[in-house]
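Per-entry structural report
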Amino acid sequence: MSAYNVQIDVVPQYVADQSKPLQEVFAFAYTVTVTNTGKVPVQLISRHWVIQDERGHSEEVKGLGVVGQQPLLRPGESFQYSSGCRLRAPSGTMGGSYFFVAEDGHRFDAAIGTFILESSNTMPTGRTLH
């Protein structure tokens, strides 16, 4: 086990009551669980998301923390939060990374695997691209 390691799990969900398909607005929520699987405490400092719809429109989102917080995670601890995004098309993808600083000063990025945002029920929720 690495001293600096986190596991990131994401569960996306289409939010029909906040979507307006006729106006090309498709709302999605996602719940992220970040677990420190390393040996030292780490703090999530910032996020970087790349959101792309099926028509090729892409957006980058960068910022400090997540939902206004910069959680400190001791080994074995998890932090969970929910957020959302809107697409101009019925489906797309989202992925990126979190930047962490460990208690001992070591800095590292943790990749967030690309996941699918899908407004229909044709794909299982939580499918991850590899």
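Let's talk about the pattern of salt bridges
Pairing between side chains of opposite charge can happen when the charged atoms of each approach one another. Counting across every chain of the model gives 1 salt bridge. For Glu 24, the salt bridge goes to Arg 55, with nearest N and O atoms at 3.4 Å. With Glu 24 in the loop between β1 (6-14) and β2 (26-36) and Arg 55 in the loop between β3 (42-53) and β4 (58-64), this pair connects stretches of sequence that are 31 residues apart.

Quick word on the packing of aromatic side chains
In this structure the tally under the stated criterion is 9 aromatic pairs. Pairing Tyr 98 with Phe 100 gives two aromatic rings, centres 6.4 Å apart and planes at 85°, and the pair type is edge-to-face. Look at Phe 100 and you get buried, because its relative accessible area is 0%. Taken together, the ring pairs in this structure connect Tyr 4, Tyr 30, Trp 49, Tyr 98, Phe 100, Phe 108 and Phe 115 into an aromatic cluster.

So, the confidence of the model for the chain
Summing up the model confidence of the chain, the mean pLDDT is 93 and the portion of residues at 70 or higher is 92%. Taken together, the stretch residues 121-126 has pLDDT below 50 and engages in 5 contacts with residues farther than four places along the chain or on a different chain.

Quick notes on the side chain of Ser 46
Within the secondary structure, Ser 46 sits in strand β3. Relative accessible area serves as the criterion here: at 18%, Ser 46 is assigned to the buried category. Residue contacts for Ser 46: discarding those within four places in its chain leaves Gly 63, Leu 64, Gly 65, Ser 97, Tyr 98 and Phe 99.

Points about the sheet that holds β1
Sheet architecture is open: 3 strands sit in the order β1-β2-β6, paired in antiparallel fashion. Strands with a single pairing partner mark the edges of an open sheet, and in this sheet they are β1 and β6 (78-87). In this sheet, neighbouring strand axes are inclined to one another by 20° on average, regardless of whether the strands run parallel or antiparallel.

Describing the environment of Phe 26
Relative to the elements of secondary structure, Phe 26 occurs in strand β2. Take Phe 26: its relative accessible area is 7%, and that puts it in the buried class. Sequence-wise, Phe 26 and Arg 86 are 60 residues apart; in three dimensions their C-alpha atoms are separated by 5.4 Å. Leaving out residues up to four positions away in the same chain, Phe 26 has contacts with Tyr 14, Ser 19, Pro 21, Cys 85, Arg 86, Leu 87, Arg 88, Ala 89, Pro 90 and Ser 119.

Parameters at a glance
- Residues numbered from 1 in each chain as written.
- Predicted model: local features only at pLDDT ≥ 70, side-chain atom pairs only at ≥ 80, totals over all residues.
- Heavy atoms only, no water.
- Salt bridge = Lys/Arg side-chain N within 4 Å of Asp/Glu carboxyl O.
- Helix = DSSP H or I, 4+ residues; strand = E, 2+ residues; numbered from the N terminus.
- Phe/Tyr/Trp six-rings, centres within 6.5 Å; stacked < 30°, edge-to-face > 60°.
- Buried < 20%, exposed > 50% of the residue type's maximum accessible area, 1.4 Å probe, protein only.
- pLDDT = per-residue confidence, 0-100.
- Contact = heavy atoms within 4.5 Å.
- Pairing = 2+ DSSP bridges.
- Axes fitted to C-alpha atoms, helices over the stretch in contact; angles between N-to-C directions.

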